[in-house]
Amino acid sequence: MRKITSTCGAALAALLLAVPLQASAEDRITRLADVPEDFEFYPLPPGEGVEEVYYGCIACHSLRTVTNGGYSRRVWDELLDWMVESQGMMDPEPDIREEMLDYLATYIGEDWEG
Amino acid sequence: MPKKERGLIELYHDDPERAEFLVFGRKAGPDRRGFLKGAGLASMGAVLGTTIPFSANMPAGLMPAALAETVNEFTFDAKHADMIVHNDRPVNIEAAAHLLDDDVTPFDKHFIRNNGTMPMPMSKADWRLKIDGEVNDELELSYDQLMNEFELVTFRAQLECGGNGRAGFNPLPRGNPWTIGAIGNAEWTGVRLSDILRRAGLKPSAVYTGHYSYDEHLSGDPDRPSISRGGPIDKMMDPHTIIAIKMNGEDIPIEHGYPARVVAPGWAGSVSQKWVTRIWVRDREHDGPGMTGLSYRMPRFPVAPDTEVPHEDMMVMGSMIVKSAITNPVAGAEVRAGAPFEIRGQAWAGDNHVVRMETSIDFGATWQTAELHAPHNRYSWQRWKQTIIPPQAGYYEVWSRATDNQGNSQPMVVPGWNPRGYLNNSCHRIHFTAV
């Protein structure tokens with residue numbers, strides 16, 4: 001996927017826009033540089049839960065805060081707690097929180113290049 | 001920034017009720033008004049900075065007008081085009097290494113680390129600095145009083161973000177992935193904080209300060225400081241710790257703290273509160289946001305990468321440590337093989353100063369001592385330079401290594417991993433090609 005993006009980014013972007021939530025964990029994008037700039041939820045990479053994370057995190061800071069570094073599930077879990085307990089983020093419903101955490105740990109994991 | 005993210009207004013346009021649910025957690029009642037079980041009311045109130053008395057009537061999907069009015073943030077003068085933008089909300093920008101070449105860092109090449117919003121500038125006439133806590137007489141000083149009733153001092157001072165170099169740690173700790181450019185050495189003019197504290201009269205119980213400012217927390221909640229750190233009273237009484245009112249001879253630009261800020265050189269930049277309005281003198285270590293837990297703290301003993309360190313095993317960082325940057329050549333430069341050319345840069349060491357500077361162009365096998373200038377004044381960074389001749393065509397790296405007056409020098413590999421990624425002072429490396 002990485003290769004395709006660098007050679008024909010526009011075509012891939014169109015594809016992604018059509019099916020933004022379908023990127024599976026296997027063929028996910030792993031670098032910020034490969035996320036198509038016209039993707040609806042740019043700079044987040046496509047993947048299940050992207051919409052929840054996008055809207056849930058944009059009220060206070062840009063999504064670049066979220067894509068600057070990739071972290072383990074444990075660190076994302078701690079970060080979600082920190083947002084809610086210390087930064088005034090709304091406490092998401094448990095199923096939404098789980099979806100957010102799954103997305104973050106899968107698509108912005110330790111191998112992510114921000 | 002390659003592209004603007006879709007803003008809140010756009011989101012509200014597309015699907016207001018869904019946007020509201022996802023942003024604020026709001027679920028409206030069956031009549032599409034109010035807040036079902038209160039869901040989302042608190043978080044929306046926090047963003048608006050107040051409670052919503054008629055919340056029961058508020059229609060679903062109605063974007064609060066206050067929000068619509070505030071999304072256009074105050075902008076500031078552009079930075080140099082080669083600055084590296086990590087974030088625009090909050091603003092976090094660092095200099096590419098070659099921009100650190102000036103002995104006095106100009107505005108447009110000085111890094112910015114914001115924790116909260118970029119505030120609208122408060123006028124000098126409205127601005128006050130309050131000194132309270134463990135003092136005999138509380139003070140509330142105006143800008144004019146600072147200018148007229150105290151001695152003004154001017155000097156160059158390095159300010160470095162505690163997380164400068166974080167990007168080198170593995171696994172990457174959370175926070176801005178600074179490389180080497182979250183450092184600047186501007187010329188600051190201001191009043192010694194010690195003179196102000198002496199006028200207020202320190203009680204024997206005074207051991208620490210806590211700093212507050214007029215910028216806002218990102219959530220918009222007026223009861224949350226964006227950050228509030230401070231330092232031990234000794235550092236605060238040091239004659240180089242000042243309330244600065246000028247940067248490079250001019251009013252401090254808004255992004256650097258207009259109209260006044262703390263400058264506590266050599267320590268993590270977060271001690272040097274921008275937009276300062278209050279110094280709270282404390283009888284214990286300050287405990288504002290940024291002081292506790294893992295923030296701006298280092299483990300008391302070395303830990304393996306990715307260790308979960310208990311909070312009680314962490315201690316507040318003091319002085320920054322010895323480091324150097326190569327500002328010429330620019331990374332990736334082409335030079336002539338067999339011909340001499342100048343490599344140069346800056347070196348600094350927190351509260352200490354640099355006494356030896358060495359460089360290597362053979363991956364650390366041999367080191368040459370570079371010419372090192374004395375600091376312009378205490379706490380200024382120091383220029384170093386050296387002429388080298390790449391013996392033949394090919395790929396080279398310049399490595400630079402500084403040693404301070406206490407005998408500490410920069411490690412060639414990344415030093416001890418720590419949970420938040422502070423104090424990476426490994427040797428700076430720049431590659432160039434000889435042709």
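Up top you'll find the structure we're talking about.
Residues numbered from 1 in each chain as written. Chains lettered and ligands numbered in written order. Predicted model: local features only at pLDDT ≥ 70, side-chain atom pairs only at ≥ 80, totals over all residues. Heavy atoms only, no water.

Caption draft 1: Representation of the pattern of salt bridges. Residues and elements named next belong to chain B. Taken as a whole and assessed by the stated rule, the structure comprises 32 salt bridges over all chains. The salt bridge partner of Arg278 is Asp132, with a shortest N-O separation of 3.1 Å. Taken as a pair, Arg278 in strand β12 (residues 276–282) and Asp132 in strand β4 (residues 128–133) lie far apart in primary sequence, 146 residues in all. Overall, Asp132 belongs to the buried group, its relative accessible area being 7%. (Salt bridge = Lys/Arg side-chain N within 4 Å of Asp/Glu carboxyl O. Helix = DSSP H or I, 4+ residues; strand = E, 2+ residues; numbered from the N terminus. Buried < 20%, exposed > 50% of the residue type's maximum accessible area, 1.4 Å probe, protein only.)

Caption draft 2: Just the interface of chain A and chain B, in detail. Across the boundary between the two partners, chain A contributes 35 residues, which contact 34 residues of chain B. Between chain A and chain B lies a buried interface of about 3200 Å² when both sides are counted; carbon and sulfur atoms form 50% of it. It is Tyr55(A), Arg64(A) and Met90(A) in chain A that bury the most area against chain B; as a group they hold 19% of the surface buried on that side. The tally of links from chain A across to chain B stands at 2 salt bridges. There are 13 residue pairs in polar contact (both at pLDDT 80 or more) connecting chain A and chain B. Residue assignment for the side of chain A that touches chain B shows that the elements contributing at least two residues are α3 (50–57), α4 (64–67) and α5 (73–87) of chain A. Split by residue class, the side of chain A that touches chain B holds 15 nonpolar, 10 polar and 10 charged. (Contact = heavy atoms within 4.5 Å. Buried area = accessible area lost by both parts, 1.4 Å probe. Polar contact = N/O pair within 3.5 Å; in protein donor to acceptor, adjacent residues only side chain to side chain. Nonpolar A, V, L, I, M, F, W, Y, C, P; charged D, E, K, R; others polar.)

Caption draft 3: Layout of the side chain of Asn92(B). For Asn92(B), the location among the structural elements is in strand β2 (residues 91–94). Judged by its relative accessible area of 1%, Asn92(B) falls in the buried class.

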